[in-house]
Amino acid sequence: MRVRSRMLGSVLGLALAVMLCDTAFGWNDRGHMSVAYVAYQQLTPPTRDRVNALLKLNPKYKEWSATVDQQVPGATAEDKNLMIFMIAATWADQIKRDSSYTKDGSQNGNRPEGSPDPGRNTGYDDLLMHKYWHFIDTPFTQDGTKLPAIPTPNAQERIALFRTVLGSTSADGLKSYDLVWLLHLVGDVHQPLHAATRVSKTNPDGDAGGNLVKLDCTKCELHAFWDELLGTDSNLNTVMKAARELPIAEAALAAKSIEKDWIAESFQEAQQIVYAPPIAAGDGPYTLTAQYKEAAGKLGQQRVALAGARLAELLNAELK
């Protein structure tokens, strides 16, 4: 998304704006950039240097760099590295809108069945979107409907794999690819609806993480509401200003390093907070109350801050 000449900068900046307005699956781009902002503040100097070097191997690096130049002219080298790190956290969603990538899998690419290689991990030569890597549909039911199996690969399995690669002697090209996925997926699994799907007689395969639950507005779904809790303006300056005001993650929670535990938290929060009144049985449409929106906003900020702290802990401890 980004620039070389002033004209190219304007074109790429517009392209980024269009992409950021597009429907995302997970936190929207502002949410992912906020997670990355929090994480970068907590990286050790050696980890920052390593991360910065690996990101330069991404095919979009020059575009990211140009976007920073266009949106924040005159940024210091260190601030520019921070902002590139923030944009890199959106790459896994960017490829969903890139015509060079293939929407593999069934159900519009959201299930691994039918993909020619759903568990592939070979680096940037892989041009499959792998949309099913972004979440883990842990099922629950409120009406006794039989629970379906959890599809694999999924976000939990991929995080475990990618963090192993970062700590291994694998080539830097593969580490770069797995790094940008991790920057995104750690954020994804802290969004409650990326760790849960409500199974019912109406939706025996689940409600697709709230995507089938309608709200009382045009083209509004429960999942999209939660994606956009931090707002929709993804200008770098705007995101950084807001991210500085996020709550500081509780140290004991930030120290939890196992992705299975992160997902269990999100799963519990989905049941207790996301599917709380006025959300009831059925697919709606529902009108969200001020009380619901306030609780959701508070939880969203807490989860983003926690995701950032945990991402930093992971990279500091495991990246080689």
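I will try to describe carefully the structure that is included in this document. (Residues numbered from 1 in each chain as written. Predicted model: local features only at pLDDT ≥ 70, side-chain atom pairs only at ≥ 80, totals over all residues. Heavy atoms only, no water.)

Comments concerning the overall build of the protein chain
To be explicit about the condition: Numbering of helices and strands runs from the N terminus; a helix is a DSSP stretch of H or I covering at least four residues, while a strand is a stretch of E covering at least two. When we talk radius of gyration, it's over C-alpha atoms, and the globule rule is simply 2.2 Å times the number of residues to the 0.38. Residues are treated as being in contact if the distance between any of their heavy atoms lies within 4.5 Å. Surface accessibility follows the Shrake-Rupley procedure with a 1.4 Å probe radius. Residue values consider only the protein chains on display as shielding.
When its secondary structure is counted, the protein chain shows 13 helices and two strands. Its C-alpha radius of gyration of 19 Å places the protein chain within 12% of the 20 Å reference for a compact globule of 320 residues. Summarising its shape, the C-alpha atoms of the protein chain cover approximately 55 × 40 × 40 Å along the three principal directions. The long-range share in the protein chain, meaning contacts at least 24 apart out of those at least 6 apart in sequence, stands at 74%. By element, 55% of the accessible surface of the protein chain is carried by carbon and sulfur atoms, the whole surface being about 13,700 Å².

Section: the state of the cysteines
Let me state the cut-off plainly: The term disulfide is used for any two cysteine sulfur atoms that are within 2.5 Å. Here the term buried applies to any residue with accessible area under 20% of the maximum for its type, exposed to any over 50%, and partly exposed to those in between, with areas from a 1.4 Å probe on protein chains only.
The full count for this structure, using the stated rule, is one disulfide. Disulfide partner of C217: C220, at an S-S distance of 1.9 Å. On the S-S bond that ties C217 to C220, the torsion sits near -125 degrees, and the link is left-handed. For C217, a relative accessible area of 39% translates into the label partly exposed.

As for the nonpolar core
Definition in use: In plain words, nonpolar cores are sets of buried Ala, Val, Leu, Ile, Met, Phe, Trp, Tyr and Cys residues tied together by side-chain atoms within 4.5 Å.
L55, F85, M86, W91, L222, W226 and L315 are the most contacted members of the largest nonpolar core, which totals 82 residues. Sort the elements by how many residues they give to this core and helix α13 (residues 290-318) lands first, with ten residues. Contact partners of L55, with chain neighbours within four places excluded, come to Y61, W64, I84, F85, A88, S176, L179, V180 and L183.

Observations regarding the packing of aromatic side chains
This is how it is decided: Note on aromatic pairs: the rings of Phe, Tyr and Trp (six-membered ring only in Trp) are paired at centre separations within 6.5 Å, and the planes decide the class, stacked below 30 degrees, edge-to-face beyond 60, tilted for the rest.
What the rule picks out here adds up to 13 aromatic pairs. Note on W91 and W181: the rings are 6.1 Å apart at their centroids and 90 degrees apart in plane angle, and the pair reads as edge-to-face. Of the two residues, W91 is situated in helix α6 (residues 91-94) and W181 in helix α8 (residues 172-188); the sequence distance between them amounts to 90 residues. The class of W91 is buried, set by a relative accessible area of 2%. Taking the centre distance of 6.2 Å and the plane angle of 85 degrees together, the rings of F225 and W226 count as edge-to-face. One aromatic cluster is present, built from ring pairs that chain together W91, Y101, Y124, W133, F162, Y177 and W181.

Some words on the pattern of salt bridges
Under the convention used in this document: We count a salt bridge whenever a side-chain nitrogen from Lys or Arg sits within 4 Å of a carboxyl oxygen from Asp or Glu.
Taken as a whole and assessed by the stated rule, the structure comprises 16 salt bridges. Here E78 ties to R48 by a salt bridge, and the two come within 2.8 Å at their closest N and O atoms. Note that E78 is positioned in helix α5 (residues 77-88) and R48 in helix α3 (residues 45-55), a separation of 30 residues in sequence. Taken together, the salt bridges that share partners define one network made up of K256, E265, E269, R303 and R310.

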